[in-house]
Amino acid sequence: MDFEVNPKGFYGEFGGAFIPEMLYPNVMELQRNYLNILHDAYFQQEYRKLLKDYVGRPSPLYFAPRLSGFYQTRIFLKREDLNHTGAHKINNTIGQILVAKRLGKTRIIAETGAGQHGVATATVCALMGLKCIVYMGKIDAERQAPNVLRMKMLGAEVVPVYSGNMTLKDATNEAIRDWINHPADTHYIIGSVVGPHPYPDLVTRLQAIISEEMKRQLREQTGNENPGFIIACVGGGSNAAGAFYHYLDNPEVRLIAVEAAGKGIDSGESAATMALGHPGILHGSRTMLMQTEDGQITEPYSLSAGLDYPGIGPIHSHLFKTGRAVYENATDEESLEAAFRLTRLEGIIPALESAHALAFLDKGRFKPDDVVVIILSGRGDKDMDTYIRYMEKHDM
Ligand SMILES: *Cc1c(COP(=O)(O)O)cnc(C)c1O
């Protein structure tokens, strides 16, 4: 299909594997093996069994009657928030830990910003009894102390990174350095559809379970497997890529990705890569990036830690360029409002990331009989401090 990655790892002009030579053995080993592993019947059996019995899939597709009434259209929520560990990230880490085992790896490394991917990785390492090392910027480790404690309780070693801004980008550099030094026994689990080929495609395929289930669930509930709209938030873009995947060749289904506009697109404090970015190379692939005129990466901002990334997966840059998907954005404030609306109308407290997708309901034009699927990428427990501050500010 038009939107598949090519054998060199490109989606149109985006993607590829721009890596230092010292990383070639590791990345080539993955490139050579990942499709065979994913297509292997025994891998699929193991992956699907764990998704069912450990993660709790299929995640429900919930028709939201009061939210639908409010917006005068038919809204369904894909409930990734109900997965074990509270978000979609576990779909990927379960898959990658099985790939690592197939390749005979005994040691797992990961980078994490907000800690959500670190927790999902530490979880599957505990499940499989593999050694786990998570690199985390010193500043992030302080901001996300509960997730650091979770990872430690799960048996992972959390290594604070003191270089650069001491945030996600620096943690990623440190993880890459570790991987170069341990080519034989270590697998690097990347948490979104970013990084050198084959990671964007590997993670997309592991998250594609979201759209695979949606097709069946929509057929059962509406008689038509194709919705009018699919709306998902994007940081790196993995929940969106998984939700779009099985609909890419069906132009009737409108695909909408929502980035974090932070304090506003023109405020200088946002993470709206498509609205503000230009092509460049980061973390091994060519993609849209927020950068200065001389190519320095700009520090991104969003109140929601999971969307706070200066780039976006190359598949999204291609979907943007071809017009197959539309890239919108929502501010902190709009997303907070949307989070409270869902909570009060449906009794579901969403992750602040997912609330960005919900915020698009205020901007889109939907007809009463349109079917609109929103990906609820995660639950809001981790965002309670932010929500409590919002209530205090607004005398709620
Ligand atoms: C990490 C995270 C995201 C953003 O990651 P994507 O790769 O863009 O999906 C969104 N929602 C939640 C709940 C997350 O934890």
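Heads up: the structure comes first, above all this text.
Residues numbered from 1 in each chain as written. Predicted model: local features only at pLDDT ≥ 70, side-chain atom pairs only at ≥ 80, totals over all residues. Heavy atoms only, no water.

## Considerations on the packing of aromatic side chains
Here comes step 1: Tallied over the entire structure, the rule returns 12 aromatic pairs.
Here comes step 2: Considering the side-chain rings of phenylalanine 63 and phenylalanine 76, the 5.3 Å spacing of their centres and the 55° angle between planes classify their relative orientation as tilted. With phenylalanine 63 in strand 3 (residues 61–63) and phenylalanine 76 in strand 4 (residues 74–79), this pair connects stretches of sequence that are 13 residues apart.
Here comes step 3: An aromatic cluster is defined as three or more aromatic residues linked by ring pairs; in this entry it consists of Trp179, Tyr188 and Tyr199.
Here comes step 4: Lying over the aromatic face of tyrosine 247, lysine 215 brings its terminal NZ or CZ to 5.3 Å of the ring centre.
Here comes step 5: The aromatic ring of tyrosine 301 is capped on one face by lysine 263, whose charged end is 5.1 Å from the ring centroid. (Phe/Tyr/Trp six-rings, centres within 6.5 Å; stacked < 30°, edge-to-face > 60°. Helix = DSSP H or I, 4+ residues; strand = E, 2+ residues; numbered from the N terminus. Lys NZ or Arg CZ within 6 Å of the ring centre and 35° of its normal.)

## Brief notes about the site of the ligand
Here comes step 1: Taken together, 17 residues form the shell around the ligand, and within it Lys89, Ser192, Gly237, Ser238 and Ser377 come nearest.
Here comes step 2: Here lysine 89 contributes a side-chain N or O atom positioned 2.6 Å from an oxygen atom of the ligand.
Here comes step 3: Glycine 235 is positioned such that a nitrogen or oxygen atom in its backbone is 2.7 Å from an oxygen atom of the ligand.
Here comes step 4: Contact with the protein chains covers 97% of the free accessible surface of the ligand, which is 380 Å². (Near = heavy atom within 4 Å. Polar contact = N/O pair within 3.5 Å; in protein donor to acceptor, adjacent residues only side chain to side chain. Areas by Shrake-Rupley, 256 points an atom, 1.4 Å probe, with all protein chains shown as cover.)

## Quick look at the environment of glutamate 212
Here comes step 1: Along the chain, the position of glutamate 212 falls in helix 10 (residues 209–222).
Here comes step 2: Judged by relative accessible area, glutamate 212 falls into the partly exposed class, the value being 27%.
Here comes step 3: On a C-alpha basis, the gap between glutamate 212 and glycine 364 in space is 25 Å, while along the polypeptide they are 152 residues apart.
Here comes step 4: Those residues in contact with glutamate 212 that lie beyond four places of it in its chain are Arg48 and His246. (Buried < 20%, exposed > 50% of the residue type's maximum accessible area, 1.4 Å probe, protein only. Contact = heavy atoms within 4.5 Å.)

## So, the pairing of strand 11 (residues 278–282)
Here comes step 1: Pairing of strand 11 with strand 12 (residues 285–289) involves 5 bridges; the strand directions are antiparallel. Bridging across to strand 12, leucine 282 finds its partner in serine 285.
Here comes step 2: What sits between the antiparallel neighbours strand 11 and strand 12 is a turn of 2 residues, in which histidine 283 has the positive phi angle 50°. (Pairing = 2+ DSSP bridges.)

## Quick word on the nonpolar core
Soluble globular proteins tend to pack their nonpolar side chains together in the buried interior.
Here comes step 1: Counting 88 residues, the largest nonpolar core has Ile97, Ile230 and Phe244 as the members making the most contacts within it.
Here comes step 2: Per element, the largest residue contribution to this core is 6 residues, and it comes from helix 4 (residues 89–102).
Here comes step 3: Excluding anything up to four places from it in sequence, isoleucine 97 contacts Ile108, Val124, Cys125, Met128, Leu130 and Ile189.
Here comes step 4: Counting 27 residues, the second-largest nonpolar core is a separate cluster that includes Tyr71, Ile256, Ala338 and Leu361. (Core = buried A, V, L, I, M, F, W, Y, C linked by side-chain atoms within 4.5 Å.)

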